[in-house]
Amino acid sequence: MNVILDTNILREEGLGSDNMKLLSRLAKREKIKIYIPDIVKREYLTKKEKNFNDELDKFCRCIDKERRYKLFSEEKDKELSEIKEKLKNIKEELYTSLDNKFCEWVNENKATIIDLEDALDDNMLLVQNIIDDYFSGNNAFRHPKRREDFPDAFILSEILYILNQKKEFIYIVIKDGAFKICLDKHDKIQTVDNLSNLLSLDEFKSAFDNLDSESSRIQGIRKFLSSEKCKNALEGYVCCSDDYILFCDWDNNDISDPENIIELKTQYVFIESTSKHNLCVSEVKFGNNNYIEKEIYVIQYSFIADVTLEIVADYKEYISLDEQKKKTFEFVEADDEECTLKKKATCRFSGNITLDISEELTPEALAAHFRYLNNDNNYIIFIESKIDKVVIMAI
């Protein structure tokens, strides 16, 4: 099976998420072949570099600002100056470091970078076709003369090059709606909007089952993890555990607001730190479970809860709202450009529960130990829940 990943999927998952580890398991055992268009790789790495550098610049400006007030001792002032210089050195070396790590991941997973030059050499009319599409608004271009779509046009060329070379069916994991529509026109392409949905397809589940058949223990544990007894125990854990819903921050790729409930274009959305034990958790659902590596298993899950959103938005946009809409927010603070607001909302949380199961446990013994999931003295099953996505449902 051939799999191509788009830029937004790499941004969403990174290289080390549970879903990427599952994809890697299939790739390393040659059940799938991963392809990354060269333009996708460049978009991903340069965006990572820019985001990191922007944060470093903010920190450096903060250091400069505070040093101007001469509040620190000479020794501390010198330390701050040295820290700033070290950060500058990190910035200069950052892209090379990111690129090396990405290449390491490519090699480990026997992936292939689709070279744009190869695609161009394969079809001498390709550039002319892209220019024609630019003026006519066809294929990757959403409408005529939309320059922002040039990267997608080159990515499409790389994809069609692999399609022509392989002459096999290709799965493309992509979020971009307009580009997705363009790709769906091809008979030998199936688009999927996230890795979880890709790994839930029957062909991929069969591939996992084939690998798991090599171990009766893995099969037995996965069978138990699919049982109602396991799901009931996990539901109790999700509803009653003291795990904290604590997020550093979310960008627009992580939290979705399909009904425009926030009514503002947000820059960041935080979710106020709170224990799940203190939340009213409902509609807990479980999806597929899979073996990742060593003694680690993962189970998809979701639940609904009422939380307080902390929103960083454009201040001018906020003050332009009518008074009735303003009252739906709790105003926290503002400067000339940004404001911080709070708003209560009902959200659906989704992610994975990761289980690290002691190798001494048989599937039968695991079932017995599941009664003690919330026990602080449980050292045989290590459990961790991760939230990947939040959908705002109502206020």
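The structure this text deals with has already been given above.
In this report, we go over the structure that sits alongside the text. Each chain carries its own residue numbering, running from 1 in the written order of its sequence. With the structure being a predicted model, the display of local features is reserved for residues of pLDDT at least 70 and the display and counting of side-chain atom pairs for 80 or more, all residues being used for whole-chain, interface and lining totals. Only heavy atoms go into the side-chain values, all of them from the structure, while hydrogens and water stay out.

## Notes on the overall build of the protein chain
What counts is decided by this rule: Runs of H or I in DSSP of at least four residues are treated as helices and runs of E of at least two as strands, each being numbered from the N terminus. When a residue's accessible area, from a 1.4 Å probe over protein chains only, is under 20% of the maximum for its type it is buried; when over 50% it is exposed; and in between it is partly exposed. Working rule for contacts: check all heavy atoms of both residues, and any pair within 4.5 Å makes them a contact. Residue exposure ignores everything except the shown protein chains as possible cover, and the areas themselves are Shrake-Rupley values with a 1.4 Å probe. By the counting scheme adopted, Arg and Lys are positive, Glu and Asp are negative, and His together with the chain ends is not counted. Taken as the charge centre is NZ of Lys, CZ of Arg, CG of Asp or CD of Glu, depending on the residue.
Regarding its fold elements, the protein chain presents 15 helices and 14 strands. In terms of overall dimensions, the protein chain has a C-alpha envelope of 65 × 60 × 55 Å along the principal axes. By the burial criterion, 42% of the 395 residues in the protein chain qualify as buried. Taking as baseline every contact in the protein chain between residues at least 6 positions apart, the subset at least 24 positions apart corresponds to 73%. Summed over its atoms, the accessible surface of the protein chain is roughly 21,600 Å², and 47% of this surface lies on carbon and sulfur atoms. For the protein chain, the centre of its 57 positive side-chain charges and the centre of its 78 negative side-chain charges are spaced 0 Å apart.

## Concerning the nonpolar core
Definition in use: As used here, the term nonpolar core means buried Ala, Val, Leu, Ile, Met, Phe, Trp, Tyr and Cys residues forming a set that is joined through side-chain atoms within 4.5 Å.
Formed by 57 residues in total, the largest nonpolar core has its most connected members in Leu5, Leu23, Ile34, Phe179, Leu198 and Phe204. Every residue in contact with Leu198, bar those within four places of it in the chain, is listed here: Val3, Leu23, Tyr171, Val173, Val192 and Phe204. With 49 residues, the next largest nonpolar core counts Ile262, Leu279, Phe286 and Phe303 among its residues.

## Observations concerning a negative patch on the surface
Stated formally: Here, patches come from residues exposed beyond 30% relative accessible area and free of salt bridges, joined within 9 Å for like charges and within 5 Å for nonpolar side chains (Val, Leu, Ile, Met, Phe, Trp, Tyr). For salt bridges, the criterion is a side-chain nitrogen of Lys or Arg within 4 Å of an Asp or Glu carboxyl oxygen.
Together, Glu333, Asp335, Asp336, Glu337 and Glu338 make up a region of like negative charge exposed at the surface. With respect to the secondary-structure elements, Asp335 resides in the loop between strand 12 (330-334) and strand 13 (338-357). Note on Asp335: relative accessible area 45%, which makes it partly exposed.

## As for empty space enclosed by the protein
Operational definition: We place a 1 Å grid over just the protein atoms. Points where a 1.4 Å probe fits but has no way out form a cavity, open points with protein on both sides within 12 Å along at least 5 of 7 lines form a pocket, and any residue with an atom within 4 Å of a point lines it. Grid points are joined across faces, edges and corners, and a volume is the space filled by probe spheres set on the points. Residues are grouped as follows: Ala, Val, Leu, Ile, Met, Phe, Trp, Tyr, Cys and Pro are nonpolar; Asp, Glu, Lys and Arg are charged; all remaining types, including Gly, are polar.
Using the criterion set out here, one finds one cavity of 30 Å³ or more in the structure. One number sums up the size of the largest cavity: a volume of about 70 Å³. As for the largest cavity, its lining consists of Asn19, Leu22, Ser196, Leu199, Ser200, Asn288, Asn290, Val298, Gln300 and Asn352. For the lining of the largest cavity, the elements supplying multiple residues, two or more each, are helix 2 (18-28), helix 9 (195-199), strand 10 (282-293) and strand 11 (296-314). Taken together, the residues of the lining of the largest cavity sort by class into three nonpolar, seven polar and no charged.

## Let's talk about the packing of helix 3 (residues 38-68) against helix 4 (residues 74-108)
Threshold: Think of each axis as a best-fit line through the C-alpha atoms, taken over the contacting stretch in the case of a helix, with angles from 0 to 180 degrees between the N-to-C directions. Oblique is the label for any angle not under 35 degrees, not over 145, and not in the 65 to 115 range, which are roughly parallel, roughly antiparallel and roughly perpendicular in turn.
The geometry of helix 3 relative to helix 4 is characterised by a closest axis approach of 10 Å and an angle of 180° between their N-to-C directions. In this view, helix 3 runs roughly antiparallel relative to helix 4, as classed from their interaxial angle.

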